[in-house]
Amino acid sequence: MLSAESLKKLEREIAKYPPERKQSAVMSALIIAQDEKGWLSSEVLDFVARYLGMPSVAVYEVASFYAMYNLEPTGTYKLTLCTNLPCGLQGALDAADHLRQRLRINFNETTPDGHFTLKEGECFGACAMAPVLLVNNKKMHDYMSNEKLDRLLDELGRQ
Amino acid sequence: MTLLDYGPDAILMQGLDGRNWRLKDYEARDGYQALKKILTQRMKPEEVIAEVKKSALRGRGGAGFPTGLKWSFMPRQFAGPKYVVCNSDEGEPGTCKDRDLLRYNPHAVIEGMLIAGYAMSASAGYHYIHGEIWEIYEQFEEALAEAHAAGYVGNHILGSEFSFEMYAHPGYGAYICGEETALLESLEGKKGMPRFKPPFPASYGLYGKPTTINNTETFAAVPWIMRHGADAFLALGKPNNGGTKLFSVTGHVKRPGNYEVRLGTPFARLLEMAGGVRGGRKLKGVIPGGSSMPVLPADIMMATDMDYDSIAKAGSMLGSGAVIVMDDSTCMVRALERLSYFYFEESCGQCTPCREGTGWLYRVVHRIENGFGRMEDLALLDDVSDNIAGRTICALGDAAALPVKSFIKHFRAEFVHHIEHRGCLVHKDVEPKWGRVDAPHEPHLANHMAEAA
């Protein structure tokens, strides 16, 4: 279900916790699985449950509780913009409009070519550097002026 | 290489240039000297705790609880593992200090956790880092590997009797995990739902074992205290408010950013360091300690000093040190609407007053903002807030209620204007565009929003 490389990463995470506490690695297991598959299908969730010796429902609970797990497919690039109050005061809403106009989609939508999904996020803990954008959860871009957004979208669009 | 400028009194962020975060750089800044001193002098754990108590170091995550006192709650005679946990689940709107600490000075946090582990005779430490700063999570693991290889972490540290393992654990997008017992649940691989207290983590924490959880900045201050002495740290601040503090200044200032100042520094000075209110506009209101704390009007803020006791006296809390500055172009109804949405979205759903109440708060503020408010809504908001605060397992309920009560208390005229005139008291011409994006809601919120219509 998961590649040998993913399983190797997962074993490293499991080793962080006492042997009888494998469940502690479920957050990491889901992150690793999502990195490989793009999203967490019920087959993947069941696999993680079996691998860690957890009831499937306990894995579903975790996957649905934490906002950064994708429970459905997203575009190749999931763009998450923080629009919370401090970011909003520093231009995040202009960034939101720019992204929506350029991609011609609203938040929680995906471009027809399947390239970009736009998400609105809550606090990323980088407020002073607003506007702040996450690409596929892992890469943070800060001080995102419209020009920087254009450059980023051009770059990602070519890939 | 130019040094990063956190202010003239910075101690935690002193001598950092953005690249010198590695072990050899930290050692060149006297890093790990405190740990070496403690181990070679065979200091008693109680002596370390006494020193931290004397320094008047208080929790930097939000609650401001005295750190030494917290450490002394850990049972001395406990057969079995004890844990130290670092809380870097920084997600309180306005707060972005731990991110800077971790990316520029991660070894200070590692050394602080090691000293804490020694003082509480703990066997392992977990560092919970929120997933939104993934690159910093990976960087921390690199720093940890360096410390391991150098013999600062692991078995028989620097040849002593002290052994301590340390691991990083990722969060993945849940504000509530900044609450210490929710964080423990998350560490155990569950939904981050806070535990009922008592028992407190010092007696029943991670895996049911004695555990102490401190904020990143709290740990980072410990090596300095042990190197320079409690008195020197205390002298940087004021009685009962020892040391310096990192403040994240955001919003309508010329230079948003983190500034490290002595506790007790006047707010006016901090505002000046951040370049003052931008565009020459007038200061309207400030949330001095992160979005969960009561907002204060400009005149009160300008007369307040930045320390735990002074801000409490002014009617708010220092919290995490996130200073959200709003100028006179800010519509306070819209500001509150955005914050109320946040608590509604982030409530874990465990306690009914919070799960239902945060939805009520958001929906009612939303309708006032959008011109459908009724005069009785103001009393309703007050009533709903009172029925959340103090009636939930954790403090998220209070965190949702306090902004509502304080915004209405200090800026009531704006709410009344919105209701009477179906529009904003702040002139639209000057109002910069911001607020929540009017977008289709996530599926799990769709039902709640249908009720609002």
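**Brief notes about the sheet that holds strand 2 (residues 109-110) of chain A**
Residues and elements named next belong to chain A. Read from one edge to the other, the open sheet built from 5 strands follows the order 2-3-1-4-5, with strand pairing classed as mixed. Of all the strands in the sheet, the pair left with one neighbour each is strand 2 and strand 5 (139-141). With 6 bridges connecting them, strand 1 (residues 77-82) and strand 3 (residues 116-121) associate as parallel partners. Paired with Tyr77 across the bridge in strand 3 is Phe116.

**Notes on the confidence of the model for chain B**
Residues shown with low pLDDT carry predicted positions that ought not to be read at fine detail. Of the residues in chain B, 94% have a pLDDT of 70 or more, and the chain-wide mean is 93. For this predicted complex, the interface score ipTM comes out at 0.97, alongside a pTM of 0.94.

**Comments concerning the nonpolar core**
Formed by 159 residues in total, the largest nonpolar core has its most connected members in Leu30 and Tyr66 of chain A together with Ile110, Leu114 and Phe407 of chain B. It is helix 6 (residues 106-119) of chain B that provides the largest number of residues to this core, a total of 9 residues. Those residues within four positions of Leu30 of chain A in sequence are excluded, and the remaining contacts are Leu40, Leu45, Val48, Val59, Val62, Ala63 and Tyr69 of chain A. Among the nonpolar cores identified, the runner-up in size contains 24 residues, and Phe247, Leu263, Met273 and Val325 of chain B belong to it.

**Remarks on the interface of chain A and chain B**
Each side of the interface is counted separately: chain A has 54 residues, and chain B has 71 residues. Both sides together, the interface formed by chain A and chain B hides about 4,900 Å², and carbon and sulfur atoms give 57% of it. Here chain A and chain B share 6 salt bridges between them. A salt bridge links Glu122 of chain A to Arg338 of chain B, with the nearest nitrogen and oxygen atoms 3.2 Å apart. Put simply, chain A and chain B have 23 residue pairs in polar contact (both at pLDDT 80 or more) between them. Elements supplying a minimum of two residues to the side of chain A that touches chain B: helix 1 (4-14), helix 2 (26-37), helix 4 (56-65), helix 5 (85-89), helix 6 (92-103), strand 3 and strand 5 of chain A. Grouping the amino acids of the side of chain A that touches chain B by side-chain chemistry returns 26 nonpolar, 13 polar and 15 charged.

**Structural notes on helix 16 (residues 376-388) of chain B**
Residue and element names in this part refer to chain B. The end-to-end C-alpha separation of helix 16 is 19 Å, in line with the 18 Å expected for 13 residues at 1.5 Å each. Among all positions of helix 16, only Asp377, Leu378, Leu381, Val384, Ser385 and Ile388 are buried. For helix 16, the angular spread of the buried residues around the axis is 130 degrees, confining them to a single face. In helix 16, the exposed residues that point more than 90 degrees away from the buried face are Glu376 and Ala379. Where helix 16 is buried, its residues touch helix 15 (352-369), helix 17 (396-410) and helix 18 (412-421). Of the residues trailing helix 16, Gly390 is marked for its positive phi of about 80 degrees.

**Regarding the sheet that holds strand 6 (residues 257-262) of chain B**
All names here are of chain B. If you trace the 5 strands from one edge of the open sheet to the other, you get 6-5-11-8-9, paired in mixed fashion. Edge positions in the sheet fall to strand 6 and strand 9 (296-297), since each of these pairs with one other strand and no more. Where strand 5 (residues 244-251) lies against strand 11 (residues 322-327), 4 bridges are found, and the strand directions are parallel. If you follow Thr250 over to strand 11, its bridge partner there is Ile324.

**Observations concerning the domain arrangement of chain A**
Accessible area lost upon the coming together of the parts serves often as the stated size of an interface. Along its sequence, chain A is carved into domain 1 (4-65) and domain 2 (77-158). For domain 1 of chain A versus domain 2 of chain A, the distance between C-alpha centres works out to 28 Å.

**As for the pairing of strand 3 (residues 165-170) of chain B**
Residues and elements named next belong to chain B. The pairing of strand 2 (residues 124-129) with strand 3 spans 6 bridges and is classified as parallel. Residue Ile129 lies in a different strand from strand 3, and its bridge partner there is Pro170. A crossover connection joins strand 2 to the parallel strand 3 through helix 7 (residues 134-149); in handedness this β-α-β unit is right-handed.

**Observations regarding the side chain of Thr211 of chain B**
Residue and element names in this part refer to chain B. Secondary-structure assignment places Thr211 in strand 4 (residues 211-215). Looking at Thr211, the relative accessible area reads 1%, which means it is buried. There is a polar contact of 2.8 Å between the side chain of Thr211 and the backbone nitrogen of Leu206.

**With respect to the packing of helix 15 of chain B against helix 17 of chain B**
All names here are of chain B. It is the contact of helix 15 with helix 17, at a shortest axis distance of 10 Å, that shows an interaxial angle of 20 degrees. Comparing the axis directions of helix 15 and helix 17 gives the class roughly parallel. Helix 17 is crossed by helix 15, and the crossing has left-handed handedness. Facing helix 15, whose interface residues are Cys354, Thr358 and Leu361, helix 17 presents Leu396, Gly397, Ala400, Ala401 and Val404. Looking at the contact of helix 15 with helix 17, its residues break down into 6 nonpolar, 2 polar and no charged.

**Comments concerning a nonpolar patch on the surface**
Residues Phe65, Leu69 and Phe73 of chain B make up a contiguous nonpolar surface patch of roughly 270 Å² in combined accessible area. Among the secondary structure elements, Phe65 of chain B is positioned in the loop between helix 3 (45-54) and helix 4 (67-72).

**Here we look at the pairing of strand 3 of chain A**
Here strand 3 of chain A lies mainly inside the structure; 5 of its 6 residues are buried. Between strand 2 of chain A and strand 3 of chain A, which pair antiparallel one after the other, the connecting turn spans 5 residues, and Gly114 of chain A there sits at a positive phi close to 75 degrees.

**With respect to the packing of helix 16 of chain B against helix 17 of chain B**
Residue and element names in this part refer to chain B. Packing of helix 16 against helix 17 leaves a shortest axis separation of 9 Å and a crossing angle of 150 degrees. Considering their axes alone, helix 16 and helix 17 lie roughly antiparallel with respect to each other. Between helix 16 and helix 17 lies a crossing of left-handed hand. Within the contact between the two elements, helix 16 uses Leu378, Leu381, Asp382, Ser385, Asp386 and Ile388 and helix 17 uses Gly397, Ala401, Val404, Lys405 and Ile408. Along the lines of polarity and charge, the residues of the contact of helix 16 with helix 17 split into 6 nonpolar, 2 polar and 3 charged.

Cut-offs applied
Residues numbered from 1 in each chain as written. Chains lettered and ligands numbered in written order. Predicted model: local features only at pLDDT ≥ 70, side-chain atom pairs only at ≥ 80, totals over all residues. Heavy atoms only, no water. Pairing = 2+ DSSP bridges. Helix = DSSP H or I, 4+ residues; strand = E, 2+ residues; numbered from the N terminus. pLDDT = per-residue confidence, 0-100. Core = buried A, V, L, I, M, F, W, Y, C linked by side-chain atoms within 4.5 Å. Buried < 20%, exposed > 50% of the residue type's maximum accessible area, 1.4 Å probe, protein only. Contact = heavy atoms within 4.5 Å. Buried area = accessible area lost by both parts, 1.4 Å probe. Salt bridge = Lys/Arg side-chain N within 4 Å of Asp/Glu carboxyl O. Polar contact = N/O pair within 3.5 Å; in protein donor to acceptor, adjacent residues only side chain to side chain. Nonpolar A, V, L, I, M, F, W, Y, C, P; charged D, E, K, R; others polar. Expected span 1.5 Å × (residues − 1). Arc of directions from axis to C-beta. Domains from an automatic or database assignment. Right-handed = clockwise from strand over helix to strand, strands pointing away. Axes fitted to C-alpha atoms, helices over the stretch in contact; angles between N-to-C directions. Parallel < 35°, antiparallel > 145°, perpendicular 65-115°, else oblique. Left-handed = near helix turned anticlockwise from the far one by under 90°. Patch = residues over 30% accessible without salt bridge, like charges linked within 9 Å, V, L, I, M, F, W, Y side chains within 5 Å. Areas by Shrake-Rupley, 256 points an atom, 1.4 Å probe, with all protein chains shown as cover.

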